[in-house]
Amino acid sequence: MKCFLADDGATTELAGRLNSVLPDETSGWTLLLEGELGAGKSTFARALIQSMGHKGTVPSPTYTLVEPYHVAGRSIYHIDLYRIASEEELRYLGWGELEDGFRLVEWPDRAPSLAASADLRLRLSYAESGRNGQFDGLSARGCEVIERLAGATNINLQD
Ligand SMILES: Nc1ncnc2c1ncn2[C@@H]1O[C@H](COP(=O)(O)OP(=O)(O)O)[C@@H](O)[C@H]1O
Ligand SMILES: [Mg+2]
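Turning next to the pattern of salt bridges. Applying the stated criterion across every chain yields a total of 6 salt bridges. The shortest N-O distance in the salt bridge between D109 and R110 comes to 3.3 Å. With a closest N to O distance of 3.6 Å, D136 and R121 form a salt bridge. Of this pair, D136 sits in strand 7 (residues 130-137) while R121 sits in strand 6 (residues 120-127), and the two are 15 residues apart along the sequence. Accessibility classification places D136 together with R121 in one group, the buried group.

In structure tokens:
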């Protein structure tokens, strides 16, 4: 699913729409957030975490690598792999201990093996003063969510 996100508000709205079509049970789900610096990965993650019910700020996990949230009976892990130099370093992050939650991963290209077990991928890229977004399902359950998202979204859809 492709969309044009004219400003931050559109990125935030897309996150809200995703929240509205996610199942109640999201433990073990992984969403990959791809795009260069400033593409809007953290903007999207912040909006999604807040629309899942978190009140308050969503600090960048650039230095902590993982910021955990426990909200409305759900665990959410906001992960930033920017500072990871190799896939082996994932073990320092305790990836195995994050299985109970919904994992939002910025810079997933640092650990290419994650894609094989991920459910959703959002690719963001610069498009004049806005952004292009491409949302894909990477698993069967992820594809179902994208179908529902496409039905629930009217943000200047292309395709
Ligand atoms: N759809 C959009 N159009 C224009 N600007 C956006 C859009 N989404 C986010 N932004 C802005 O672009 C910047 C993105 O920063 P950030 O979300 O930290 O990016 P990243 O995490 O990808 O490095 C922020 O200043 C944000 O306000
Ligand atoms: Mg970021």
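Next comes the rest of the account.
Moving on to the site of ligand 1. Around ligand 1 there are 17 residues in total, and D8, G38, K41, S42 and T43 lie nearest to it. Here a nitrogen atom of ligand 1 sits 3.0 Å away from a polar atom, N or O, in the main chain of L5. One of the side-chain N or O atoms of R131 is found 3.0 Å from an oxygen atom in ligand 1. Contributions of two or more residues to the shell around ligand 1 are made by helix 1 (8-21), helix 2 (41-51) and strand 7.

When a strand is regular, its side chains alternate between the sheet's two faces. The buried fraction of strand 4 (residues 74-80) amounts to 7 of the 7 residues, a majority that puts the element mostly inside the structure. Residues of strand 4 alternate between two faces, with R74, I76, H78 and D80 on one and S75, Y77 and I79 on the opposite face, all of them buried. By the bridge criterion, 6 bridges tie strand 3 (residues 66-71) to strand 4 in an arrangement that is antiparallel. Bridging across to strand 4, E67 finds its partner in H78. A loop of 2 residues connects strand 3 with strand 4, the two strands running antiparallel in sequence, and A72 in this loop sits at a positive phi of about 50 degrees. Strand direction decides the pairing type here: strand 4 and strand 5 (residues 102-106), joined by 5 bridges, are parallel. The partner of I79 across the bridge, within strand 5, is V105.

This part is about the coordination of the magnesium ion (ligand 2). Within the protein, the magnesium ion (ligand 2) binds to S42 (OG) and E106 (OE); these donor distances fall in the range 2.2 to 2.3 Å. Of this pair, S42 sits in helix 2 while E106 sits in strand 5; the two residues are 64 residues apart in sequence, bridging distant segments of the chain.

A word on the packing of helix 1 against helix 2. Here helix 1 crosses helix 2 at 45 degrees, and the two axes come no closer than 8 Å. Comparing their axes, helix 2 and helix 1 come out oblique. Considering how the two elements wind past one another, helix 1 and helix 2 form a crossing that is right-handed. Residues T11, T12, L14, A15, G16, L18 and N19 of helix 1 form the contact with helix 2, whose participating residues are T43, F44, A47, L48 and S51. Here the contact of helix 1 with helix 2 is built from residues that sort into 6 nonpolar, 6 polar and no charged.

Right, let's talk about the packing of helix 1 against helix 3 (residues 140-152) for a bit. Running from N to C, helix 1 and helix 3 point in directions that differ by 125 degrees, and their axes come no closer than 9 Å. The orientation of helix 1 with respect to helix 3, classified from their angle, is oblique. In terms of crossing hand, the pair formed by helix 1 and helix 3 is right-handed. Judged by residue contacts, L14, R17, L18 and V21 of helix 1 engage V145, R148, L149 and A152 from helix 3. Tallied by class, the residues present in the contact of helix 1 with helix 3 amount to 6 nonpolar, no polar and 2 charged.

About the criteria used
- Residues numbered from 1 in each chain as written.
- Chains lettered and ligands numbered in written order.
- Predicted model: local features only at pLDDT ≥ 70, side-chain atom pairs only at ≥ 80, totals over all residues.
- Heavy atoms only, no water.
- Salt bridge = Lys/Arg side-chain N within 4 Å of Asp/Glu carboxyl O.
- Helix = DSSP H or I, 4+ residues; strand = E, 2+ residues; numbered from the N terminus.
- Buried < 20%, exposed > 50% of the residue type's maximum accessible area, 1.4 Å probe, protein only.
- Near = heavy atom within 4 Å.
- Polar contact = N/O pair within 3.5 Å; in protein donor to acceptor, adjacent residues only side chain to side chain.
- Pairing = 2+ DSSP bridges.
- Donors = N, O, S within 2.8 Å, 3.2 Å for Na, K, Ca; no water.
- Axes fitted to C-alpha atoms, helices over the stretch in contact; angles between N-to-C directions.
- Parallel < 35°, antiparallel > 145°, perpendicular 65-115°, else oblique.
- Left-handed = near helix turned anticlockwise from the far one by under 90°.
- Contact = heavy atoms within 4.5 Å.
- Nonpolar A, V, L, I, M, F, W, Y, C, P; charged D, E, K, R; others polar.

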